[in-house]
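So you can see what is in the structure, the chains are spelled out below.
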Amino acid sequence: METYYNPEDLEKFGTIGEEAPALAEKFFDYYGAVFAEGALTAREKSLIALAVAHAVQCPYCIDSYTNDCLNKGVSEEQMTEAVHVAAAIRGGATLVHGVQMKNIVKKLEL
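Residues numbered from 1 in each chain as written. Predicted model: local features only at pLDDT ≥ 70, side-chain atom pairs only at ≥ 80, totals over all residues. Heavy atoms only, no water.

Per an unreviewed UniProt entry, the protein is named Arsenosugar biosynthesis-associated peroxidase-like protein, and its organism is Lachnoclostridium phocaeense.

As structure tokens, this is what we get:
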């Protein structure tokens, strides 16, 4: 089935720097440093990345971090719970912006 997002494109991500190698190198160095062990384990960071991937709706990241989580021993139940956390935060963020709407309504009612 053909889709807008081509799963094979994920493997080509490294080529994104061909026309701007210095910038790509800085990004990939940063990216690598972010996912290195630190206060959070690599496993925890992958789980966070999976949740964020769902919040920003990046199919490439969802694919990549689902695989990465599985390789790091994260269960499907844990991944699903992380996705629900992302959904709750995204939903809450949408609702709290309703306060802006309410503020404008009050302002215009004056």
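Engineer: Help me understand the packing of helix α2 (residues 42-55) against helix α4 (residues 76-96) in this model?
Structural biologist: Each packed pair of helices is defined by two parameters, the angle between the axes and the distance between the axes. Contact geometry for α2 and α4: axes closest at 8 Å, N-to-C directions at 50°. As judged from the angle between their axes, α2 and α4 are oblique. The way α2 lies across α4 gives a crossing that is right-handed. Taken together, the residues of α4 that come into contact with α2 (itself represented by R43, L47, L50, A51, H54 and A55) are Q78, M79, A82, V83, A86 and R90. (Axes fitted to C-alpha atoms, helices over the stretch in contact; angles between N-to-C directions. Helix = DSSP H or I, 4+ residues; strand = E, 2+ residues; numbered from the N terminus. Parallel < 35°, antiparallel > 145°, perpendicular 65-115°, else oblique. Left-handed = near helix turned anticlockwise from the far one by under 90°. Contact = heavy atoms within 4.5 Å.)

Engineer: Can you help me understand the nonpolar core in this one?
Structural biologist: Buried together is how nonpolar side chains tend to be arranged in soluble globular proteins. Judged by nonpolar contacts, A49, L50, Y65, C69, V74 and M79 together constitute the single largest core of six residues. For this core, the elements supplying multiple residues, two or more each, are α2 and α3 (59-71). Discounting chain neighbours no more than four positions away, the residues touching A49 are F35 and Y65. (Core = buried A, V, L, I, M, F, W, Y, C linked by side-chain atoms within 4.5 Å. Buried < 20%, exposed > 50% of the residue type's maximum accessible area, 1.4 Å probe, protein only.)

Engineer: Could you clarify how one ought to interpret the packing of aromatic side chains in this entry?
Structural biologist: For the structure shown, the criterion picks out eight aromatic pairs. With centroids separated by 5.3 Å and ring planes inclined at 75°, the aromatic side chains of F13 and F28 adopt a geometry described as edge-to-face. Here F13, found in the segment before α1 (21-34), pairs with F28, found in helix α1; they are 15 residues apart in sequence, far enough to count as distant. Pairwise contacts between aromatic rings join F13, F27, F28, Y31, F35 and Y65 into one cluster. (Phe/Tyr/Trp six-rings, centres within 6.5 Å; stacked < 30°, edge-to-face > 60°.)

Engineer: When you look at the side chain of K45 in this model, what are you seeing that I'm missing?
Structural biologist: If you trace the backbone, K45 turns up in helix α2. An unpaired buried charge is present at K45: no salt bridge exists, and E37, the closest side chain of opposite charge, is 7.4 Å distant. When sequence neighbours within four positions are dropped, the list of residues in contact with K45 reads A33, V34, F35, A36, E37, G38 and L40. (Lys, Arg positive; Asp, Glu negative; His and termini not counted. Salt bridge = Lys/Arg side-chain N within 4 Å of Asp/Glu carboxyl O.)

Engineer: Quick question: what am I supposed to make of the packing of α4 against helix α5 (residues 98-109) here?
Structural biologist: Axis separation between α4 and α5 bottoms out at 4 Å; the angle between their running directions is 5°. Considered as vectors, α4 and α5 are oriented roughly parallel to each other. Only G98, V99 and Q100 of α5 make contact with α4, whose side of the interface consists of T94, L95 and V96. In the contact of α4 with α5, the residues fall into three nonpolar, three polar and no charged. (Nonpolar A, V, L, I, M, F, W, Y, C, P; charged D, E, K, R; others polar.)

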